[in-house]
Amino acid sequence: MGVDVVKMRVIFQLLISPVLRYISYYTSKPSRLLNKGFLLLLVALTAFYFIFIREQAIFIHIHIGQSELLETSRNYLKREVKWEPAFTDTAVRTPIYLNDRNPSQIPYDKEEEKALIDKFQFNKYLSDRTPINRPMKDFRHSSCRMRKYPDDMPSASVVMVFYNEAPSVVLRTVHSVLNKSPPHLIQEILLYDDNSNLDELLEGSWFTNHIKTLPKVRLERSVHGRGGLIQAKTHAGRLAVGDILVYLDAHCECNDGWLEPLIYPIYLNKTACTTPNIDSIAWQDLNIHAPEIVEVTGGLNWILNMLWSPLSAEEQQRRSRDPFPVTADIRTPTMAGGLFAIDRKWFLEIGMYDEGQSIWGGENIDPPFSRPPRTLCFFNFIGLLKILGFVLIVNLIVTR
C-alpha cells in the first residue's frame with residue numbers, strides 16, 4: 001500500500017549516518033580505491049534520493065496538487081450555479097447563542113474569562129457569547145467571485161474531528177458550512193468525537209441537542225477509545241458516505257465560495273487532493289484576519305519535515321496562463337494536512353493514513369507519498385535503470 005513515512009525516516013538515518021562516518025574516517029587516507037568506493041557510494045545514495053524520492057514528489061506534484069485547468073477553461077464559461085442557504089433567511093439573520101443565553105443578560109466576569117483562557121488557550125468566554133451563526137465579511141479576492149463552476153460536481157462529506165473542543169467553536173464551524181455552501185454539494189457534515197470527557201459535549205447537553213436540529217449533520221463518537229488526531233480522521237473517513245471527503249478542523253469558519261474550488265479539481269481528476277488558503281482567527285477577540293495571498297509550495301528536508309518554498313519559474317509561468325492567475329491553483333508535492341479535500345474511494349485505495357500515526361505532523365507528507373503498489377513498482381523500476389546508468393557514467397569518469 002502506501003509508503004510508510006516513519007520507516008522511510010529511519011532508513012534515511014541508517015543510510016546517511018554510515019556515509020558520514022565513512023567520510024570522517026577515510027577521506028584522509030591516500031587509498032584511491034577507498035576514495036573511489038566512497039564516491040560511487042555517495043553518488044548512488046544521491047541518485048537514490050533524487051530518483052526514488054524526488055521522482056515520487058514530481059508524480060504527486062501533478063496528482064496530489066490541484067489539477068491543471070488549462071484544457072478545461074471552457075468550464076469557467078458555464079453559467080454560474082445559483083443556490084440558497086441551507087437555513088431560511090430568518091434563521092441566518094437571527095443570532096443563535098450557546099445554551100440560548102443572550103450575553104446582554106449576563107454580567108461580565110473578568111475572572112471567569114481569564115480562567116477559561118488559561119484552560120482552553122483562547123478566549124472561550126468571548127466565544128460562548130458570540131453567535132454561533134455570526135455573519136462574516138467576504139474577504140475573497142475579486143477573481144474568486146468571477147470563477148464559475150459546473151453544476152454536476154460530486155457531493156462531499158465534511159468531516160470534523162474534535163476532542164474536548166469548546167462547543168461554541170465546533171457549532172460555529174458547522175453553521176458556517178451550512179450557511180456558506182451550496183446545499184447540493186453537501187452530502188453530510190460528520191462530527192467525530194474522539195472520546196471527549198468535557199461535560200458540555202456529552203450526550204444530553206445543549207450541544208448534542210442542538211446538533212439534532214440541524215440538517216445533514218450527524219455526530220459519531222469513538223468506539224475505540226481516544227485514538228489521537230490521525231486515527232480519528234481515519235475512522236471518521238471510513239464512516240463518511242460522500243463522494244468527496246473534506247476534512248476541516250473543528251475551529252474554522254467558512255467563507256462564501258469556500259467549497260467549490262476544493263471540489264472542482266477532484267471533479268476533473270479523482271487523484272487530485274486540494275487544500276485551501278487559510279485565514280486566521282485571533283484567539284483574543286475572535287476577529288478574522290485575511291492576509292495577502294501567499295504563493296508558496298510545499299517541500300521536504302532530509303528528515304522529511306515539511307517546508308514551504310517559493311514557486312518555481314515553471315509553476316509561475318503555468319499559473320500565468322490561467323484565466324485568473326492571481327487565484328490560480330498551485331501544484332505541490334506536500335500539503336498542509338489539517339484542511340484538505342480528496343476523493344473518498346481514492347483515499348481508501350491508497351490506504352488513507354499510516355495506522356502507526358496518532359498525533360499530527362506526519363499527515364503533511366503521508367497522503368502525498370501513498371500510492372498503489374503497481375505505481376510504486378513502475379517508478380522504482382525506471383528509477384533503478386536511471387541509477388545504474390548514472391553510476392556507470394561516473395565510474396567511467398573516475399577510472400579515466
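Residues numbered from 1 in each chain as written. Predicted model: local features only at pLDDT ≥ 70, side-chain atom pairs only at ≥ 80, totals over all residues. Heavy atoms only, no water.

*Asks:* Can you lay out the overall build of the protein for me, pointing to particular residues and giving the numbers?
*Replies:* Scanning the protein for helices and strands turns up 14 helices and ten strands. In the protein, which comprises 400 residues, the share counted as buried stands at 46%. Long-range pairs, those at least 24 residues apart, make up 79% of the contacts in the protein between residues at least 6 apart in sequence. (Helix = DSSP H or I, 4+ residues; strand = E, 2+ residues; numbered from the N terminus. Buried < 20%, exposed > 50% of the residue type's maximum accessible area, 1.4 Å probe, protein only. Contact = heavy atoms within 4.5 Å.)

*Asks:* Tell me about unusual backbone geometry, and name the residues and values.
*Replies:* The phi angle at Lys216 is positive, at roughly 65 degrees, despite the residue not being glycine. Its location among the elements puts Lys216 in the loop between helix 8 (206-211) and strand 3 (217-221). Here Met352, not a glycine, exhibits a phi torsion of approximately 55 degrees, which is positive. Take Met352: it is sitting in the loop between helix 12 (344-349) and helix 13 (366-369). Residue Met352 is classed as buried on the basis of its relative accessible area of 2%.

*Asks:* So what's going on with helix 10 (residues 260-268)? Residues and values would help.
*Replies:* Taken together, the buried positions of helix 10 are Glu260, Leu262, Ile263, Tyr264, Pro265 and Ile266. Considering only its buried residues, helix 10 is in contact with strand 1 (156-162), strand 4 (244-249), strand 5 (273-274) and strand 10 (340-343).

*Asks:* Lay out the pairing of strand 8 (residues 296-300) with the relevant residues and their values.
*Replies:* The pairing of strand 8 with strand 9 (residues 306-310) spans five bridges and is classified as antiparallel. The partner of Leu300 across the bridge, within strand 9, is Met306. Between the end of strand 8 and the start of strand 9, which pair antiparallel, lie five residues, with Leu304 showing a positive phi angle near 65 degrees. (Pairing = 2+ DSSP bridges.)

*Asks:* Help me get a handle on the packing of aromatic side chains, residues and values and all.
*Replies:* If you walk through the whole model with that rule in mind, you get eight aromatic pairs. A centroid spacing of 5.5 Å and a plane angle of 70 degrees characterise the contact between Tyr149 and Tyr264, whose relative ring orientation is edge-to-face. Taken as a pair, Tyr149 in the loop between helix 6 (142-146) and strand 1 and Tyr264 in helix 10 lie far apart in primary sequence, 115 residues in all. Here Tyr149 matches Tyr264 in class, with each residue buried. Measuring from centroid to centroid gives 6.0 Å for Phe340 and Phe347, while their planes differ by 85 degrees, and the two rings are edge-to-face. The same class applies to Phe340 and to Phe347, which are both buried. Through successive ring pairs, a cluster of aromatic residues spans Tyr247, Phe340, Phe347 and Tyr353. The residue whose ring lies beneath Lys124 is Phe120, and the NZ or CZ to ring-centre distance is 5.3 Å. One cation-aromatic arrangement involves Arg129 over Tyr125; the distance from NZ or CZ to the ring centre is 3.7 Å. (Phe/Tyr/Trp six-rings, centres within 6.5 Å; stacked < 30°, edge-to-face > 60°. Lys NZ or Arg CZ within 6 Å of the ring centre and 35° of its normal.)

*Asks:* With reference to specific residues and values, describe the side chain of Glu188.
*Replies:* Mapped onto the elements, Glu188 comes out in strand 2 (residues 186-193). From its side chain, Glu188 meets the backbone nitrogen of Val241 in a polar contact 2.9 Å long. Beyond its immediate sequence surroundings of up to four residues, Glu188 is in contact with Ala156, Ser157, Val158, Lys216, Arg218, Leu239, Ala240, Val241 and Gly242. (Polar contact = N/O pair within 3.5 Å; in protein donor to acceptor, adjacent residues only side chain to side chain.)

*Asks:* Pulling in residues and values, what's your account of the pairing of strand 4?
*Replies:* By the criterion of burial, strand 4 is predominantly enclosed, with five of the six residues buried. Direction of pairing for strand 1 relative to strand 4: parallel, over a ladder of six bridges. Residue pairing in the sheet places Val159 in a bridge with Tyr247 of strand 4. Examined bridge by bridge, strand 4 and strand 10 share four bridges and lie antiparallel to one another. Along strand 10, the bridge assignment pairs Leu245 with Ile342.

*Asks:* Could you give me a rundown of the nonpolar core, with the residues and numbers involved?
*Replies:* Val158, Met160, Val177, Ile189, Val246, Leu248 and Trp258 are the most contacted members of the largest nonpolar core, which totals 47 residues. Secondary-structure elements contributing two or more residues to this core are helix 4 (110-120), strand 1, helix 7 (167-180), strand 2, helix 8, strand 4 and helix 10. With six residues, the single largest contributor to this core is helix 7. Each residue touching Leu248, except ones within four places of it in the same chain, is listed here: Val158, Val159, Met160, Val161, Val177, Cys254, Trp258 and Leu339. (Core = buried A, V, L, I, M, F, W, Y, C linked by side-chain atoms within 4.5 Å.)

*Asks:* Pulling in residues and values, what's your account of the sheet that holds strand 1?
*Replies:* Reading across the sheet, the six strands line up as 3-2-1-4-10-5 and stay open at both edges, with mixed pairing between neighbours. The open sheet has two free edges, formed respectively by strand 3 and strand 5, since each of these has just one partner strand. Strand direction decides the pairing type here: strand 1 and strand 2, joined by seven bridges, are parallel. Its bridge partner being in strand 2, Val158 is matched across the sheet by Ile189. On top of the sheet, helix 9 (residues 229-239) reaches strand 1, strand 2, strand 3, strand 4 and strand 10; it is set at about 140 degrees to strand 2, its chief contact. Lying over the sheet, helix 10 contacts strand 1, strand 4, strand 5 and strand 10, oriented at roughly 25 degrees with respect to strand 10. (Axes fitted to C-alpha atoms, helices over the stretch in contact; angles between N-to-C directions.)

Coordinates in, geometry out; function isn't part of it.
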